[in-house]
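Okay, here's what each chain looks like letter by letter:
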Amino acid sequence: MQRPQKYGESFSEWFSWIISEAEIYDYGRYPIKGTGIWLPYGFQIRRRVIELIRMLLDETGHEEILLPLLIPETLFAKESEHVRGFEGEVFWITKAGLEELDVKLALRPTSETTISYMESLWIKSYKQLPKKYYQIVSIFRYETKMTKPMIRVREVTTFKEAHTVHESFESSEEQIREAINIYAKFFDMLGIPYIVSRRPQWDKFAGAIYTIAFDTIFPDKRAVQIGTVHNLGQTFTKVFDVKIQKRDESIDYAWQTSYGISERVIASIIAFHSDEKGLILPPLVAPYQAVVIPIYQEDAKDMVIEYCNNVAKALRENGIRVYLDLRDDMRPAEKFFEWELKGVPLRIEVGVREITNNTVTVFRRDKVKREIVPAQQLVERVHVMLTEIAQALAARAWKELISNIRISKSIEEAAKILKELGGVVLMPWCGDERCVYSKMQGIEGVDVIGEVMEESLKKLNISLDLFKGTQCGFCNNQAKAVIAIAKKY
């Protein structure tokens, strides 16, 4: 297959090409639409992403659980707004063996109803709170739009959902702030840039008081949601009778939050950290942080391989994930091509010249540049290079995101910008969602992202002063906030 271009309208083709050629994810060949299979190399990337979010949750007091995949209709249908929000996306099981089921079973699209039912049995007092649960599982949603690998699928195989319970609204708000900080740290560690915004009420999670979302911009200039945080208030606790005794000995319904991410995180790693040669994986999640490749004529084979073994051993003993590529059926140039495609951060080349000089040649994937390193300094230099690569990838990704953000003072101009250039447009806004909703109805293919949070603007190096004293770009009233609009997935 000819390699498509990464940017512009060919991005979807490029993405399908890279996940196939780099042996990450086999999509579209299993005979169920919207499902994919993680291949060994891709599974290792996925595993390390999961390990990272698991670490961040565990160190902030979250506890991992595993809830049932099946939800009875009697349970799922209890919260009316929630079921309306998901009714077009649910897979239902109506038959088991030869028998029709008395109660239909849903394949979980999310687990608010399940966890709330169980919390009504588990939690009785403020002394047990706050309680922070999470699970990393598959969820199922009948995606009716055009499916896309990792981005829009019917089985989401890497769904991390956290569910928390609190004594008060104030405590739940503190949890929202903690969740935002966890996700910001998570995406920062992966070098994925983002915009944090509060979704409009018509686009919030079904059953939530409000939703905060993390979005990024892919190379086709479309915005994609990569994480969400919801304050659920007492919506589900009232339906499922999750009552607690409070500190003042009164009885009230508990407060809840939930927040989730999916394999869109891995899609974002691929989308941002790549070039015309293939992937450039962040060292934190790369299956191999370095690959050692021997280069020899047959008469020097044993000597070169022994030297390579010693190099690989030294790196492994110092915590570096290394692959020693001893395949005889491939020329070094073919190995170079393969590992550049797969995004290994460092390639270590060893031939007779390196042995003679007691050195190694280190190739940095991000710079596409070689460096001669004395063997005795290799471990230290590799650690430094891996840190530099992580920082360089993040800086490049943020630069790319920011280059696709523009400012406009009118919806007409913003719509024109998005039609011609894509990306995200920031606009001054009065804070009234009704004025936005009415204007957006007549603009095809453009959606509201949400009210951009002040901390997010600072991270984007955008000053609020640019919007102060201006009129709302939708209704011309005094602007009070900043809203983002974009073409979305």
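Residues numbered from 1 in each chain as written. Predicted model: local features only at pLDDT ≥ 70, side-chain atom pairs only at ≥ 80, totals over all residues. Heavy atoms only, no water.

A. Inspection of the overall build of the protein chain at higher detail. Across its full length, the protein chain carries 15 helices and 25 strands. In terms of overall dimensions, the protein chain is globule-like: its C-alpha atoms have a radius of gyration of 25 Å, near the 23 Å expected for 489 residues. Structurally, the protein chain occupies a C-alpha span of about 80 × 60 × 50 Å along its principal axes. Evaluated residue by residue, the protein chain yields a buried proportion of 55% over its 489 residues. Taking all contacts inside the protein chain whose residues are at least 6 apart in sequence as the whole, residues at least 24 apart take part in 69%. Roughly 22,200 Å² of accessible area belongs to the protein chain as shown, and the carbon and sulfur atoms make up 50% of that amount. For the protein chain, the distance from the average site of its 66 positive side-chain charges to the average site of its 68 negative ones is 3 Å. (Helix = DSSP H or I, 4+ residues; strand = E, 2+ residues; numbered from the N terminus. Rg over C-alpha atoms; globule rule 2.2 N^0.38 Å. Buried < 20%, exposed > 50% of the residue type's maximum accessible area, 1.4 Å probe, protein only. Contact = heavy atoms within 4.5 Å. Areas by Shrake-Rupley, 256 points an atom, 1.4 Å probe, with all protein chains shown as cover. Lys, Arg positive; Asp, Glu negative; His and termini not counted. Charge placed at Lys NZ, Arg CZ, Asp CG, Glu CD.)

B. Region of the structure containing the domain arrangement of the protein chain. Each domain of the protein chain was delimited in the assignment, giving domain 1 (8–274), domain 2 (290–386) and domain 3 (407–486). Spacing between the C-alpha centres of domain 1 and domain 3 amounts to 27 Å. Contacts between domain 1 and domain 3 engage 17 residues on the former and 17 residues on the latter. Interface of domain 1 and domain 3: buried area, both sides summed, is about 1,400 Å²; carbon and sulfur atoms make up 66% of it. In this assembly, domain 1 and domain 3 are joined by one salt bridge. Residue Asp188 pairs with Lys459 through a salt bridge whose shortest N-O separation is 2.8 Å. Elements with a contribution of two residues or more to the side of domain 1 that touches domain 3: helix 6 (169–190), strand 9 (195–198) and strand 10 (210–217). In terms of residue class, the side of domain 1 that touches domain 3 is made up of nine nonpolar, two polar and six charged. (Domains from an automatic or database assignment. Buried area = accessible area lost by both parts, 1.4 Å probe. Salt bridge = Lys/Arg side-chain N within 4 Å of Asp/Glu carboxyl O. Nonpolar A, V, L, I, M, F, W, Y, C, P; charged D, E, K, R; others polar.)

C. View of the pattern of salt bridges. Taken as a whole and assessed by the stated rule, the structure comprises 35 salt bridges. The network of salt bridges with shared partners includes Glu23, Asp325, Arg327, Lys335, Glu338 and Lys342.

D. Looking closely at the packing of helix 2 (residues 40–58) against helix 6. At a minimum axis distance of 10 Å, the contact between helix 2 and helix 6 shows a crossing angle of 145 degrees. For the crossing formed where helix 2 meets helix 6, the hand is right-handed. Side by side, helix 2 and helix 6 meet where Val49, Leu52, Ile53, Met55, Leu56 and Leu57 of the first sit next to Ile182, Tyr183, Lys185, Phe186, Met189 and Leu190 of the second. Considered class by class, the residues forming the contact of helix 2 with helix 6 number eleven nonpolar, no polar and one charged. (Axes fitted to C-alpha atoms, helices over the stretch in contact; angles between N-to-C directions. Left-handed = near helix turned anticlockwise from the far one by under 90°.)

E. Here's a closer look at a negative patch on the surface. A cluster of like negative charges, contributed by Glu298, Asp299, Asp302 and Glu306, occupies part of the molecular surface. Turning to its location among the elements, Asp302 is positioned in helix 9 (residues 301–317). (Patch = residues over 30% accessible without salt bridge, like charges linked within 9 Å, V, L, I, M, F, W, Y side chains within 5 Å.)

F. Structural context of the sheet that holds strand 9. Strand order in this open sheet of eleven strands is 3-7-8-14-11-10-9-24-25-23-22, and the pairing throughout is mixed. What marks the edges here is a single partner per strand, and that holds for strand 3 (63–64) and strand 22 (405–407). The sheet contact formed by strand 9 and strand 10 spans four bridges and is antiparallel. Residue Ile195 lies in a different strand from strand 10, and its bridge partner there is Asp215. Contacts from helix 8 (residues 264–272) reach strand 10, strand 11 (223–233) and strand 14 (255–261), with the element oriented near 150 degrees to strand 11. (Pairing = 2+ DSSP bridges.)

G. Inspection of the packing of aromatic side chains at higher detail. Taken as a whole, this structure holds 23 aromatic pairs when the rule is applied. Measuring from centroid to centroid gives 5.9 Å for Phe11 and Phe15, while their planes differ by 45 degrees, and the two rings are tilted. Highlighted residues: Phe11 and Phe15, both in helix 1 (residues 11–21), separated by four residues, approximately one helical turn. Comparing Phe11 with Phe15, the two get one shared label, buried. In this structure, Lys6 packs its charged tip against the face of Trp14, placed 5.8 Å from the ring centre. If you follow Lys104 out to its NZ or CZ, it ends over the ring of Trp92, 4.6 Å from the centre. (Phe/Tyr/Trp six-rings, centres within 6.5 Å; stacked < 30°, edge-to-face > 60°. Lys NZ or Arg CZ within 6 Å of the ring centre and 35° of its normal.)

H. Local environment of empty space enclosed by the protein. Following the criterion strictly, the structure yields three cavities of 30 Å³ or more and no others. For the largest cavity, the calculated volume is near 50 Å³. Around the largest cavity sit Val49, Ile50, Ile53, Ile136, Thr158, Phe159, Lys160, Ile261, Ser262 and Val265, which together line it. Taken together, the elements giving at least two residues each to the lining of the largest cavity come down to helix 2 and strand 8 (155–166). Along the lines of polarity and charge, the residues of the lining of the largest cavity split into seven nonpolar, two polar and one charged. (1 Å grid on protein atoms, 1.4 Å probe; cavity = no way out; pocket = protein on both sides within 12 Å on 5 of 7 lines; lining within 4 Å. Points joined across faces, edges and corners; volume = space filled by probe spheres on them.)

I. Main features of the nonpolar core. If you look at the biggest cluster of nonpolar residues, it comprises 85 residues, and the most contacted ones within it are Ile24, Met150, Phe186, Phe187, Ile270 and Leu426. In terms of residue count, the dominant contributor to this core is helix 6 (nine residues). The residues contacting Phe186, other than those within four sequence positions of it, are Val49, Leu52, Ile53, Leu56, Ile261 and Val265. Core analysis: the second largest hydrophobic core is formed by 26 residues, Ala300, Leu346, Val360 and Met385 among them. (Core = buried A, V, L, I, M, F, W, Y, C linked by side-chain atoms within 4.5 Å.)

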